[in-house]
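# Commentary on secondary and tertiary structure
One letter stands for each residue in the lines below.
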Amino acid sequence: MSEEQFTLWQALLEERTGMTLAKERKTFLETSLHIRMRELGIENYDDYYDMLMVGDSGSRAMEWSTLVDRLTVQETSFFRHPDSYALVEEFAQRFLDDRSDGESLDIWSVGCSTGEEPYSLAMTVREQFEAHNAGDYYGITATDISMPTLSKARKGVFPARKVEQIDPRLREKYFEKLSDREYRVNSLLRDRICFARVNVLDLQKAPMRDMDLIFCQNMLIYFRRWRKRQIVTRLAERLAHGGVLVLGPGEITDWQHPLLERTYFGDALAFRRVSEQAG
Ligand SMILES: C[S@@+](CC[C@H](N)C(=O)[O-])C[C@H]1O[C@@H](n2cnc3c(N)ncnc32)[C@H](O)[C@@H]1O
C-alpha cells in the first residue's frame, strides 16, 4: 500500500467512524483489507475503495458495516473497570431510595462492543433492584457502530474463560453453561437490554433522552481531542437532571461543561448533570 493510499483509507475511516489510525497500524490495515478483498475476489486497494464509494447505497452500506467490524477494536470484558461499576451500584441504591412511584432507571451503554459492558451494568443494577424489592423498573440501551458486533452481543454467548472471571454467585444466577467452552446469559439480563446501531458521529439522530446513566468507556481513546469533546458534550445533553456520565479513567482531561459537575468515586471518571439549561 502506497503512502497516498494509506492516507485515503485513514481519512475514510476517520470521516465515517471518528477513529484515527496511526501510521504504526499500516500493516494492520493492509492485512485486514487483504483478507476482506480476498473474500470478495478484489485484487487491489483502489478497486475496493471505489466499491465503498460508488454503486448502490444498500450494498455499499453492508460492505462498509462488515469492514468497520474488521477495523475497529472490540476488546472488552465483564466489569472492566471495577470502580465505575461500584459507582453505578451506589447510583442505583440512591435512585431507589429517592425515586417516586413507577419511575424507571434508564441506562445507555455507548460503544457496547460484544455486550460484556451492558450485561455487567444489568447485573449491577438488577442486584440493587432485587434487594429493594423494586421490580424491573430499569432498562439498558446498548449501542455500537458495528452490526456483526451487536449481533454477537444480542446472542449473549461468551467464552468460558471470560465468564469464569465473574463472581461465582452472579455467574450461577445469570449464566447457563452451554459446554466447557461457552456460557450464555439468561433472560433475566437479556430481557432488560435493547441493542441498536448508533454511530456516535451521528448522535443528533439518536433518540435517547433523559438518561439516568450514560456509560462510555474505551471508545473515545481512538478519537481526536476535538471530536472527543464534541461527543462528550452531546452525551451530556442526553442526561436527565441528576444523571451521571461515566467515562474511562483519564479519557478526557481539562474538560468542563456548564450542565455538569465532576463527581468523585474511587478512580472513576464521572460527571453529574446539575442544571437544566446550558449557560
Ligand atoms: C474497545 S471497545 C470498548 C467496549 C466497552 N465499552 C468497554 O469499555 O469494554 C470500542 C467499541 O467502540 C465501537 N465504536 C468505534 N467507533 C464507533 C462509533 N463511531 N460509533 C459507535 N461505536 C463505535 C467499536 O465498534 C467497539 O465495539
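What you are looking at is a predicted structure, and each value in this text was computed from that prediction instead of being measured. (Residues numbered from 1 in each chain as written. Predicted model: local features only at pLDDT ≥ 70, side-chain atom pairs only at ≥ 80, totals over all residues. Heavy atoms only, no water.)

## Examining the pattern of salt bridges
For the coordinates displayed, the defined rule picks out 17 salt bridges. One salt bridge in this structure joins glutamate 39 and arginine 36, with 2.6 Å as the shortest N-O distance. Here glutamate 39 and its partner arginine 36 are both found in helix H2 (residues 26-40), three residues apart, which amounts to about one turn of the helix. Among the residues examined, glutamate 39 registers a relative accessible area of 46% and is labelled partly exposed. Because the salt bridges share partners, they merge into one network encompassing Arg126, Glu127, Glu130, Arg169 and Lys173. (Salt bridge = Lys/Arg side-chain N within 4 Å of Asp/Glu carboxyl O. Helix = DSSP H or I, 4+ residues; strand = E, 2+ residues; numbered from the N terminus. Buried < 20%, exposed > 50% of the residue type's maximum accessible area, 1.4 Å probe, protein only.)

## Topic: the side chain of glutamate 63
Topologically, glutamate 63 is positioned in helix H4 (residues 57-71). Glutamate 63 has contacts with Arg36, Leu40, Tyr48, Met51 and Leu52, leaving out every residue within four places of it along the chain. (Contact = heavy atoms within 4.5 Å.)

## Brief notes about the pairing of strand S8 (residues 239-247)
Taken across its nine residues, S8 has seven buried, putting it largely inside the fold. Where strand S7 (residues 211-216) lies against S8, five bridges are found, and the strand directions are parallel. When the bridges of S8 are listed, phenylalanine 215 appears paired with valine 246. In this fold, S7 hands off to helix H11 (residues 225-237), which returns the chain to S8; that crossover is right-handed. Pairing geometry for S8 and strand S10 (residues 268-273), over four bridges, is antiparallel. Across the sheet, leucine 245 pairs through a bridge with phenylalanine 271, a residue of S10. (Pairing = 2+ DSSP bridges. Right-handed = clockwise from strand over helix to strand, strands pointing away.)

## Quick look at the site of the ligand
Neighbouring the ligand are 19 residues; Thr17, Thr76, Arg80, Glu117 and Asp144 lie closest to it. Between the ligand and the protein, one listed contact pairs a nitrogen atom with a side-chain N or O atom of asparagine 199 at 2.9 Å. Protein burial of the ligand: of its 600 Å² of free accessible surface, 99% is covered by the chains. Looking at side-chain class alone, the shell around the ligand contains six nonpolar, nine polar and four charged residues. (Near = heavy atom within 4 Å. Polar contact = N/O pair within 3.5 Å; in protein donor to acceptor, adjacent residues only side chain to side chain. Areas by Shrake-Rupley, 256 points an atom, 1.4 Å probe, with all protein chains shown as cover. Nonpolar A, V, L, I, M, F, W, Y, C, P; charged D, E, K, R; others polar.)

## What about the domain arrangement of the protein?
Considered domain by domain, the protein is made up of domain 1 (3-71) and domain 2 (82-273). Using only C-alpha atoms to locate each centre, domain 1 and domain 2 end up separated by 30 Å. Of the residues lining the interface, ten residues belong to domain 1; the matching set on domain 2 comes to eleven residues. Taking both sides of the interface into account, the surface hidden between domain 1 and domain 2 amounts to around 940 Å²; carbon and sulfur atoms contribute 49%. Summed over the shared surface of domain 1 and domain 2, the number is two salt bridges. With its nearest N and O atoms 3.8 Å apart, the salt bridge here joins arginine 227 to glutamate 14. (Domains from an automatic or database assignment. Buried area = accessible area lost by both parts, 1.4 Å probe.)

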